[in-house]
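Remarks on the overall topology
Now for the letters of each chain:
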Amino acid sequence: MLSAQANPGQHFWHLPIDASKHGPALDQHLLLNLWIALALLTLAHIILFAGLAFRRRASRPIHKATLEYLPLAALTILFAFLSVRAQHLWATQRYTDASLEAMQVEVTGMQFAWYFRYPGHDATFGNTKLSLVAPGEGNPLGIDPHDPHSADDIVTSQLVLPAGREVDLTLLSQDVIHGFSVPEMRLKQNALPGQTAHIHFTPTVPGTYAILCTQLCGLGHYRMTATMLILPLDKFAIWLQHHEIRP
């Protein structure tokens, strides 16, 4: 069984465990930002206390270029480097296509619940219509029963995924903006009404993780939670076989 990767920096900054393949790169960049911020904070205090300690001593005036322009140029280069690196990491999950073998799962947010849809045996999602949405009748996503591809679609309130396999999530919203977030997977992506968003990742550590909504979506926002269950490949195959509907 795979285990979570941890380093001293994670413990020092109290980060959640890392349970995804892309997590170490994100953590490395986050820790770099935190250590740089701590170093700059320490340097600022050293300069402040040094100025207070030696303010009455006569000294040669410092050239303006040394006092202002050089530190400003150094900070500009530093933050430009951090911004470009962060943009690359962010875009890798969203603008770089998932592999053709990636598992497809549709995530739909609504006030105040998450629903997850798997394409079933035919590997194709059925059509949905807002006019057919009826949670009380067992059709919270409005799946069209007349579409032959919808007959084997699997809809659950728990996101169950296999460890070690890439997953491509399609995020949708039926009403307002919802924030899909799983801290241990280093995932956060808004689901917008009328738009489709994609994010792909590879879970590595079996276990149960909380799915949160990070956007204030209404009075019931506090209870809009779900769980992500990561299973070893053999156990996931059993789960899928148990839930799969063959037309």
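Our structure is the block above this text.
Read on for an overview of the structure. (Residues numbered from 1 in each chain as written. Predicted model: local features only at pLDDT ≥ 70, side-chain atom pairs only at ≥ 80, totals over all residues. Heavy atoms only, no water.)

Brief notes about the overall build of the protein chain
To keep it simple, the criterion reads: Numbering goes from the N terminus for both helices and strands, where a helix is a DSSP run of H or I of at least four residues and a strand is a run of E of at least two. Think of it in three bands: with a 1.4 Å probe and only protein chains considered, a residue is buried below 20% of the maximum accessible area for its type, exposed above 50%, and partly exposed in between. When checking whether two residues touch, look at their non-hydrogen atoms; a contact exists if any pair is within 4.5 Å. Computed with a 1.4 Å probe, the accessible areas rest on the Shrake-Rupley method; for each residue, only the protein chains presented here act as cover.
Scanning the protein chain from terminus to terminus reveals four helices and 10 strands. Along its sequence from the N terminus, the protein chain presents helices and strands in the succession α-α-α-β-β-β-β-β-β-β-β-β-β-α. Looking at the protein chain as a whole, 36% of its 247 residues are labelled buried. Sequence-distant contacts, at least 24 apart, represent 69% of the contacts inside the protein chain between residues at least 6 apart. In the structure as shown, the protein chain presents an accessible area of about 15,000 Å², 63% of it carried by carbon and sulfur atoms.

A short note on a nonpolar patch on the surface
Just so we agree on the cut-off: Only residues whose relative accessible area exceeds 30% and that form no salt bridge enter a patch; like-charged residues are grouped when within 9 Å of one another, and nonpolar side chains (Val, Leu, Ile, Met, Phe, Trp, Tyr) when within 5 Å. The term salt bridge refers to a side-chain nitrogen of Lys or Arg lying within 4 Å of a carboxyl oxygen of Asp or Glu.
Among the surface-exposed residues, Leu40, Leu43, Ile47, Leu75 and Phe79 lie close enough to one another that they form a single nonpolar patch of about 430 Å² accessible area. Secondary-structure elements contributing two or more residues to the nonpolar patch are helix H2 (23-53) and helix H3 (64-94). Examining the composition of the nonpolar patch, we find that three residues originate from one element, H2, more than from any other. Here leucine 40 shows up in helix H2. For leucine 40, a relative accessible area of 33% puts it in the partly exposed group.

Focus on H2
Convention followed: Multiplying one less than the number of residues by 1.5 Å gives the expected span of a helix.
Under the 1.5 Å per step criterion, the end-to-end length of H2 is 45 Å for 31 residues, consistent within 8% with the ideal 45 Å. Of the positions making up H2, those classed as buried are Gly23, Asp27, His29, Leu31 and Ile36.

With respect to the pattern of salt bridges
Following the criterion strictly, the structure yields four salt bridges and no others. With its nearest N and O atoms 3.1 Å apart, the salt bridge here joins arginine 117 to glutamate 106. Taken together, the residues arginine 117 in strand E2 (residues 113-118) and glutamate 106 in strand E1 (residues 103-110) connect sequence positions 11 residues apart. Look at arginine 117 and you get buried, because its relative accessible area is 2%.

Some points on the packing of aromatic side chains
Note the threshold: Ring pairs shown here join Phe, Tyr and Trp side chains whose ring centres sit within 6.5 Å, with only the six-membered ring taken for Trp; geometry is labelled stacked below 30 degrees between planes, edge-to-face above 60, and tilted in between.
By the definition in use, this model includes three aromatic pairs. Taking 5.5 Å as the distance between ring centres and 85 degrees as the angle between the ring planes, the aromatic pair formed by tryptophan 114 and phenylalanine 180 counts as edge-to-face. Highlighted residues: tryptophan 114 in strand E2 and phenylalanine 180 in strand E6 (residues 178-182), separated in sequence by 66 residues. The two residues tryptophan 114 and phenylalanine 180 agree in class, both being buried.

Considering unusual backbone geometry
Looking along the chain, the bond that leaves glutamine 111 and enters phenylalanine 112 is cis, with omega of 0 degrees. Counting through the fold element by element, phenylalanine 112 comes out in the loop between E1 and E2. Even without being glycine, alanine 123 reaches a positive phi, approximately 60 degrees. Within the secondary structure layout, alanine 123 lies in the loop between E2 and strand E3 (154-156). When its relative accessible area of 60% is taken as the criterion, alanine 123 is described as exposed.

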